[in-house]
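Descriptive structure summary
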Amino acid sequence: MVDMKIEKARELGFCFGVRRALKIIEGAADGGTGINTLGPIVHNKTVVARLKSLGVGVADNPDDLKGQVIAISSHGVSPAVYEKIQAKGARLIDTTCPIVRSAQKAAQRLAKAGFGVIIFGEASHPEVRGLLGWAGDKAIASMDVDTITAQMMPKRIGILAQTTQSRGEFATFVNRLTEKFLPYAQEIRVINTLCQETQKRQLAAEELAETSGLMFVIGGHNSANTRRLAEVCSPIVETHHIENADEIDAQWVRGKKKIGITAGASTPDEAIEQVIQRIERIYNSPGDQ
Ligand code: SF4
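Points about the environment of isoleucine 118
Locating isoleucine 118 in the fold gives a position in strand β6 (residues 116–120). Along the chain, isoleucine 118 and alanine 139 lie 21 residues apart, while their C-alpha atoms are 5.8 Å from each other. Aside from chain neighbours lying at most four places away, what touches isoleucine 118 is Ile140, Ile148, Met153, Ile157, Gly158, Ile159, Leu160, Phe173 and Leu177.

Below is the structure:
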């Protein structure tokens, strides 16, 4: 037996928004009604496959949604999508996370008050696409201040963030944007829409990375909050973002004294346990690749 320690971050895995969304969907699926979700309920293939076995299908486009029950994911959607679903006459199950809902309301308030809204986030992410819909026709989403010019925005500017962005990067973005727009703007208003669950996971991952020889970040490759965890750990220590235990290369693990584990907000406990078991197998059976 080789002396090696595996430690889990003190905050990792399913957040309350994801637990809530799954409870709602699984409860509805129990009723035996076929459910069609707009996009995956969470960005995790294992979870989506389990829901599929309960009769929960996925459509990527609102126009492709079928069936009598349509569900919206924890990432939320724009008002236009609500209208499309309503036009289909289907029953709506809305699992939008309450924290995302608050960000949508903040975007809507700013737009109604005449602000041009800037969302710090990935323009193609479902949550950001939804937020843009609430933020009015002068809204833009960007992660790069250089792409935003004074001509694009009115004199009053509202700034908010995709909920899963990192606090440090949002602060840098706000500082740079404020510096750039102060010569033109009459008012700059910042709303902190960051999710504290995500922030706690990022902080715990960072602390663990500092005392580990290797970090595994477990979660969907398309999961924004999981990618952010990997970005937080990578500058500190060798870090691998994996979706499941099969992606582990035994060479990464060998010779390490302490391995840290963290996981995105949509990663189920089983995936975390399978990774831990695989690491232990590699250590205990040197032939395991
Ligand atoms: S990460 Fe935060 S915002 Fe996203 S679903 Fe979980 S609790 Fe909600």
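Back to the write-up after that little detour.
Focus on the pattern of salt bridges
Using the criterion set out here, one finds 15 salt bridges in the structure. A salt bridge links lysine 5 to glutamate 7, with the nearest nitrogen and oxygen atoms 3.2 Å apart. Taking the relative accessible area as the measure of exposure, lysine 5 reaches 45% and is therefore partly exposed. Classification of glutamate 7 as partly exposed rests on a relative accessible area of 27%. Lysine 256 is paired through a salt bridge with glutamate 238; the nearest N and O atoms lie 3.6 Å apart. Remark: glutamate 238 occurs in the loop between α8 (224–233) and β11 (239–242) and lysine 256 occurs in the loop between α9 (250–253) and β12 (258–263); sequence separation between them is 18 residues. The class for lysine 256 is buried, based on a relative accessible area of 18%. Judged by its relative accessible area of 35%, glutamate 238 is partly exposed.

Focus: the site of the ligand
For the ligand, the full set of nearby residues is Cys15, Phe16, Gly17, Cys97, Ile99, Val100, Thr163, Cys195, Glu197 and Thr198. Taken together, the elements giving at least two residues each to the shell around the ligand come down to α1 (16–30), α4 (98–112) and α7 (196–210). Counted by class, the shell around the ligand contains six nonpolar, three polar and one charged residues.

Re the packing of aromatic side chains
Two measures describe an aromatic ring pair: the distance that separates the ring centres and the angle between the ring planes. For the structure shown, the criterion picks out five aromatic pairs. Arranged with centres 6.1 Å apart and planes meeting at 45 degrees, the rings of phenylalanine 216 and tryptophan 252 form a pair that is tilted. Taken together, the residues span a long stretch of sequence, with phenylalanine 216 in strand β10 (residues 214–218) and tryptophan 252 in helix α9 at a distance of 36 residues. When its relative accessible area of 0% is taken as the criterion, phenylalanine 216 is described as buried. Among the aromatic side chains, those forming a connected cluster through ring pairs are Phe120, Phe170 and Phe173.

Rules used in this analysis
Residues numbered from 1 in each chain as written. Predicted model: local features only at pLDDT ≥ 70, side-chain atom pairs only at ≥ 80, totals over all residues. Heavy atoms only, no water. Helix = DSSP H or I, 4+ residues; strand = E, 2+ residues; numbered from the N terminus. Contact = heavy atoms within 4.5 Å. Salt bridge = Lys/Arg side-chain N within 4 Å of Asp/Glu carboxyl O. Buried < 20%, exposed > 50% of the residue type's maximum accessible area, 1.4 Å probe, protein only. Near = heavy atom within 4 Å. Nonpolar A, V, L, I, M, F, W, Y, C, P; charged D, E, K, R; others polar. Phe/Tyr/Trp six-rings, centres within 6.5 Å; stacked < 30°, edge-to-face > 60°.

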